[in-house]
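Chain residues, written in single-letter form:
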Amino acid sequence: MLQVAFIRENKEIVLKGLAKRNIKNAEELVAKTISADEERRAIQTELDAILAESNKLSKDIGQLFKSGETQKADILKKKTVQLKDKSKDLTETLQNKATELQELLYLIPNIPNEIVPGGTSEEDNQNIFQEGEIPTLHKGALPHWELAKKYDIIDFELGNKIAGAGFPVYKGKGAKLQRALINYFLDKNTAAGYEEVQVPLLVNEASGFGTGQLPDKEGQMYHDAQDNLYLIPTAEVPVTNIFRDVILKEDEFPICKTAYTPCFRREAGSYGAHVRGLNRLHQFDKVEIVRIEHPTKSYEALDSMVNHVKGILQELNLPYRILRLCGGDIGFTSALTYDFEVFSTAQDRWLEVSSVSNFETFQANRLKLRFKNNEGKSELAHTLNGSSLALPRVLAGLLENCQTPEGIKIPEALVPYCGFEFIN
RNA sequence: AGAGAGGUGGCCGAGUGGUCGAAGGCGCACGCUUGGAAAGCGUGUAUACGGCAACGUAUCGAGGGUUCGAAUCCCUUCCUCUCUGCCA
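Calculation notes
- Residues numbered from 1 in each chain as written.
- Chains lettered and ligands numbered in written order.
- Predicted model: local features only at pLDDT ≥ 70, side-chain atom pairs only at ≥ 80, totals over all residues.
- Heavy atoms only, no water.
- Pairing = 2+ DSSP bridges.
- Helix = DSSP H or I, 4+ residues; strand = E, 2+ residues; numbered from the N terminus.
- Axes fitted to C-alpha atoms, helices over the stretch in contact; angles between N-to-C directions.
- Buried < 20%, exposed > 50% of the residue type's maximum accessible area, 1.4 Å probe, protein only.
- Near = heavy atom within 4 Å.
- Polar contact = N/O pair within 3.5 Å; in protein donor to acceptor, adjacent residues only side chain to side chain.
- Disulfide = S-S within 2.5 Å.

1. Section: the sheet that holds strand E14 (residues 369-372)
Argument step 1. Spatially, E8-E14-E15 is the arrangement adopted by the three strands of the open sheet, whose pairing is mixed. Each edge of the open sheet carries a strand with a single partner, namely strand E8 (246-249) and strand E15 (378-380). Mean inter-strand twist for the sheet, computed between neighbouring axes without regard to direction, equals 40°.
Argument step 2. Relative to E14, E8 runs parallel, the two being bridged by four bridges.

Okay, structure coming up:
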């Protein structure tokens, strides 16, 4: 959520940013927000004056009672009763206006960074880096869902029976490979200075609002109505919410956390070949990195996160590319996002395996995540996160790219974690 | 799930109707003191909103009520702890 004061004082920047995201009614939205804010402030000023008067009268009444001047006190009492009615009305008006403003603010996405390209869809994302050799596969090479079946390492059918589509069962070396990947990613992240944390997989409403999943993506999360808890769609939610309502000291930066969690997504509206196999699941494993940074350092941090993810993909020897997401494709809460995609050779398509973003103050404003700057004033911090990495598509890429007529050849870096070199 | 106790500032903790945004202590910051430090002494130390500012308003888990006036009384709700039950 943007700060109202920022919108008020930087209307042109906001409009320009919304234009880059192709928001249709941006002018109207911003105008409404600014006027709601003005009205809100006017009402508050009025209400404050009434309350101030009423507070003063109450004190006077106390004094009068003490000195026994009850008649005078009774006169003042009548006055305060009137003030009370007035203040009650105004309080309600104020609350309505504040809610109206809040709802408008929820509709305004983050302002994209200068370097975010314009564009309307994923077609317009900028390919800024690519490396790794796309292997030439042998004759009869298979997509990963066929390989999974052939070597009996992932059973989609069985998952169907137990839970439904999108909940695969990993078996034998498949299950072990999952565990190996998780440990490998966590080790890479902790070696790079991220502290490992284990967090709840269910979160409350406040946490959902804190990182911006609510109210925008309500339908995308599994919800337990009985206890009003949500299954996390990403570790970003619980990990970032560690810092909800926190005021940091400046010397606590940078804060770097990593967490492995399963992620749960309803993926309502997805269908077709693109959701085949591991391409899109309701439950999947992911290792996440989260950073809380000083505003002047957050873009440096974003670069370092990008380089970190790069290093992992290089070590896994997977062909990948990095995209800078365009205004039309970038997430609601993000100011700048880099997507990492691994080439899935047998499917002949790129699969997103990581998304690394700087949210600047957008999440921090909702989270009330601040720090004391050197003037002693509290200021919003910057939050960032990225996948390092999401498992299913890395696995898909691995299976497809590393297949040989003799079986799947496990990348060297993973062998110590798996304890085997081949799946055959 | 049942019974009981409790939620106050960064932390501990006092406060049962007015002068309480809240004693006292700890912590922290600055200053004095010192060769330097510790101790000691002094000063300061919540957050949000409005206002150029002075200052005003709100906040004692949250929401509502009683009252001229609520941290304090009443209702609802959430959370924590203890015991019992159940259980990996």
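From this point, things continue past the structure.
2. Overview of the pairing of strand E16 (residues 382-390)
Argument step 1. Counting buried positions along E16 yields nine of nine residues, so the element is predominantly enclosed.
Argument step 2. Across seven bridges, strand E10 (residues 283-293) lies against E16 in antiparallel orientation. Bridging across to E16, Ile289 finds its partner in Gly386.
Argument step 3. Both strand E13 (residues 349-360) and E16 contribute to a ladder of four bridges, which runs antiparallel. Residue pairing across strands places Ser357 opposite Asn385, the latter belonging to E16.

3. Looking at the protein's contact with RNA strand B
Argument step 1. Contacts to RNA strand B come from 21 residues, most closely from Arg40, Gln44, Ser58, Lys66 and Lys372.
Argument step 2. Counting only the atoms of RNA strand B that lie within 4 Å of the protein, the sugar and phosphate share comes to 71%.
Argument step 3. Within the side chain of Gln44, an N or O atom sits 2.2 Å from a sugar or linking oxygen of RNA strand B.
Argument step 4. Interatomic distance of 3.0 Å between a side-chain N/O atom of Ser378 and a phosphate oxygen of RNA strand B.
Argument step 5. For the surface near RNA strand B, the secondary structure elements donating two or more residues are helix H3 (26-66), helix H4 (70-107) and E14.
Argument step 6. At 13 residues, H3 tops the list of elements feeding residues into the surface near RNA strand B.

4. Brief notes about the state of the cysteines
Argument step 1. The full count for this structure, using the stated rule, is zero disulfides.
Argument step 2. With no disulfide of its own, Cys256 lies closest to Cys263 among cysteine sulfurs, the gap being 20 Å.
Argument step 3. Left unpaired, Cys402 is separated from the closest cysteine sulfur, that of Cys418, by 11 Å.

5. Points about the sheet that holds strand E7 (residues 229-231)
Argument step 1. Strand order across the open sheet formed by three strands is E5-E7-E6, with antiparallel pairing between neighbours. Two strands close off the open sheet at either side, each with one partner strand: strand E5 (202-203) and strand E6 (223-224).
Argument step 2. Pairing of E6 with E7, which is carried by two bridges, proceeds in the antiparallel orientation. Along E7, the bridge assignment pairs Asp224 with Leu229.

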